[in-house]
Amino acid sequence: MKILLSILLILPGAISTSYAQINLSPYQGIFGENVLIFDEQMESSGVQAVLNEISRQQAGQEFTDQRFALIFKPGTYDVEVTVDYYVQALGLGLTPDQTVIHGAVQSTYSGRNTNVTTQFWRGAENFKVFPETGEKWMYWAVSQAAPMRRMHVSGDINFDKGGWASGGVLANSIITGRAGLTSGQQWFTRNSEIGQWEGGNWNRVFVGVKGAPDENWPETPVTVIESAPVIRDKPFLTYDHDSGYAVFVPEVQHHTSGVSWNEGNEPGKLIPLDDFYIASDKKDDAASINYALRSGKHLILTPGIYELGEELRVSHPNTVVLGLGLPTLIPTRGNSALKIQDSEGIIIAGVMVDAGLQESGVLIEVGKNKNDIDRSDNPISLHDLYCRIGGALAGTAKTCLEINANNVIGDHFWLWRADHGTGADWEINKSDHGLIVNGDNVTIYGLFNEHFQHYQTYWTGEAGRTYFYQSEIPYEPPSNEVWNDSGKPGFASYKVADQVNTHSAWGLGIYSFFRGEETERNNVRLENAMEVPEKDGIHVTHIAIFAGRLGGINHILNGLGPSTNTGELNLFDGWNMD
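Residues numbered from 1 in each chain as written. Predicted model: local features only at pLDDT ≥ 70, side-chain atom pairs only at ≥ 80, totals over all residues. Heavy atoms only, no water.

Lay out the nonpolar core with the relevant residues and their values.
Judged by nonpolar contacts, the single largest core of 71 residues is most densely connected at Leu-329, Ile-348, Val-366, Leu-382 and Met-530. Excluding its chain neighbours within four sequence positions, the residues that come into contact with Met-530 are Ala-492, Tyr-494, Ala-505, Leu-508, Ile-510, Val-540, Ile-543, Ile-556, Leu-557 and Asn-558. Core analysis: the second largest hydrophobic core is formed by 44 residues, Leu-24, Phe-68, Val-81 and Val-83 among them. (Core = buried A, V, L, I, M, F, W, Y, C linked by side-chain atoms within 4.5 Å. Buried < 20%, exposed > 50% of the residue type's maximum accessible area, 1.4 Å probe, protein only. Contact = heavy atoms within 4.5 Å.)

In structure tokens:
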């Protein structure tokens, strides 16, 4: 069947329409219309034409409902892959070196003054790239929800375009040359190898990174941790000419630095595609997907918008749920989107959730109740989970993500109560918390959590660990009379409950950008950016606090640290009573 791709191109300050017609059918296959499959036998010019049209359609389209996965079978390609909103580019080798791009895998679109503070919701994984510009230089200019994973860049890379950026994540990757930022606010790098790091502003965190810069706090706001204590890397789709498609699931590893794939014998297992149910928003609803999950199938969610009248229930041990092209789940009846049973080894990766118009209690629930079950041998892991309250639609939910199970591994979250877009209003897209953690021994790498109306992060479980935290508190509280915690101005962004005895966090950036014209809004303050129990087992290392626009933050942690007022950056060593 011949499918025609229509392009609506919206440029800043003006609207122009350009329609192109491309036959996509040679690039489609078993994953549906919006997963485009390329192999090295195809003409480079034809592949490039398709890539260019997808880029034109998606660039600047922050809240479109169009989603695409661009998947490249192992081989060598002379193309530039430009990744825009709701596009995921994936190499299908067992290692990045099996899918080689001579050109670029890049994100280059920017707003005014080369700012990329809203370049969200995209990703690139599992390529070796030889940048073919004159300077052997590549841009991945992004902010939140735009990870690079399993990349091998033979050259240099910059994570912004010279203006402001507010991201992002590099994981399990090799950059042979220089990696860094020009003026970006923060960046998180995990289990990677880089030639050298250069640049950046408020908060950079490196966990298990060979070639990480020297830690010189507070002269340079950099936090370096030698190894990741426990990690399972994100599963990924693969292709072999003889055996076809499969999903590789990496094993849990402990105390690791550098990449997992460089020796070619990465620990893990291949799950054949026949063991997966391939879901599409065009044919599936919650009932059909849940039937497949109950039957013991793993799940691939192809690109699309899935409206769910009931939650998807993942209960069988070791089930893998893998999203391609940022599939988006929307609850329609005040239900949850995902309920994950407290069963060993469940993996959820690459899924977005939008709050629906009818308020939900919790959008993603991991385990129902707190318990004493030790899952350390085979933990639940969550990778590239994105949650939105408002922005695309005027949705509302009390909490984005609640973790009740023990030993859960979190590998990159962006939990966002919208500060712009549809329904972005104090009285419309209401939501208390981005994240609640009740389980014990939960470890989260790369936690971005913003604009919620109560505690952004509320941690009640024991022995929790956070490596990198980025949070803007809500922009638009009407006044401290409305927004206060038992009389204290505002709610701390990161709150560890009083009864907790052990908790650790490294590399936190917490920022205020209060806005408004009324006098009371001009005077909105936050008492404490972070609050923790004053106990020997509580360790907090490196906090960066910035106040922009109006108002400010009275203290950094537990009444300590200087007041931070408009335009000021304050750096705080942390909390350690041992």
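How would you sum up the side chain of Arg-375? Please name residues and give values.
Mapped onto the elements, Arg-375 comes out in the loop between β34 (360-366) and β35 (381-389). Judged by relative accessible area, which is 16%, Arg-375 ranks as buried. Those residues in contact with Arg-375 that lie beyond four places of it in its chain are Asp-342, Ser-343, Glu-344, Asn-406 and Asn-407. (Helix = DSSP H or I, 4+ residues; strand = E, 2+ residues; numbered from the N terminus.)

Would you mind going over the sheet that holds strand β22 (residues 236-240) in detail, with residue names and values included?
With antiparallel pairing, the three strands of this open sheet are ordered in space as β22-β23-β25. Where the open sheet ends on each side, the last strands, each with one partner, are β22 and β25 (268-272). The mean inter-strand angle of the sheet, taken between neighbouring strand axes irrespective of direction, is 35 degrees. Where β22 lies against strand β23 (residues 244-250), five bridges are found, and the strand directions are antiparallel. Each bridged residue has a counterpart across the sheet, and for Thr-238 the counterpart in β23 is Ala-246. (Pairing = 2+ DSSP bridges. Axes fitted to C-alpha atoms, helices over the stretch in contact; angles between N-to-C directions.)

Can you explain the state of the cysteines? Please cite residues and give values.
Summed over the entire model, instances satisfying the criterion amount to one disulfide. In this model, Cys-387 is linked to Cys-400 through a disulfide, with the two sulfur atoms separated by 2.4 Å. Judged by the sign of its S-S torsion, about -85 degrees, the bond between Cys-387 and Cys-400 is left-handed. Taken together, the residues span a long stretch of sequence, with Cys-387 in strand β35 and Cys-400 in strand β36 (residues 397-403) at a distance of 13 residues. Of the two residues, Cys-387 and Cys-400, neither departs from the other in class, the shared state being buried. (Disulfide = S-S within 2.5 Å.)

Could you give me a rundown of the side chain of Asn-438, with the residues and numbers involved?
You can see Asn-438 is positioned in the loop between β38 (433-437) and β39 (443-450). Asn-438 gets classed as buried once you look at its relative accessible area, which sits at 16%. Side-chain polar atoms of Asn-438 contact the side chain of Thr-460, separated by 2.7 Å. Filtering out sequence-adjacent residues up to four positions away, Asn-438 remains in contact with Lys-370, Glu-402, Ile-403, Asn-404, Thr-460 and Gly-461. (Polar contact = N/O pair within 3.5 Å; in protein donor to acceptor, adjacent residues only side chain to side chain.)

Describe helix α2 (residues 286-294), naming the residues involved and giving the relevant values.
Within α2, the full set of buried residues consists of Ala-286, Ile-289, Asn-290, Ala-292 and Leu-293. Along the long axis of α2, the arc covered by the buried residues comes to 155 degrees, so they all point the same way. Every exposed residue of α2 that faces more than 90 degrees away from the buried side is listed here: Tyr-291 and Arg-294. On its buried face, α2 sits against β26 (276-279), β27 (298-301), β28 (305-308) and β29 (312-314). Between the side-chain oxygen of the N-cap and the backbone nitrogen of Ala-287 there are 3.1 Å, and the N-cap of α2 in question is Asp-285. A positive backbone phi angle near 95 degrees is found at Gly-296, which sits one or two residues after α2. (Arc of directions from axis to C-beta.)

Any chance you could break down the pattern of salt bridges for me, citing the residues and the numbers?
Opposite charge on two side chains allows them to pair when their charged atoms are near. Counted under the stated rule, the structure contains 21 salt bridges. For Arg-190, the salt bridge goes to Asp-233, with nearest N and O atoms at 2.9 Å. Placement of the pair is Arg-190 in strand β17 (residues 186-190) and Asp-233 in the loop between β21 (228-232) and β22, with a sequence separation of 43 residues. Judged by its relative accessible area of 1%, Arg-190 is buried. A salt bridge links Asp-354 to Arg-388; the shortest N-O distance between them is 2.6 Å. Here Arg-388 lies in strand β35 and Asp-354 lies in strand β33 (residues 347-354), a separation of 34 residues in the sequence. (Salt bridge = Lys/Arg side-chain N within 4 Å of Asp/Glu carboxyl O.)

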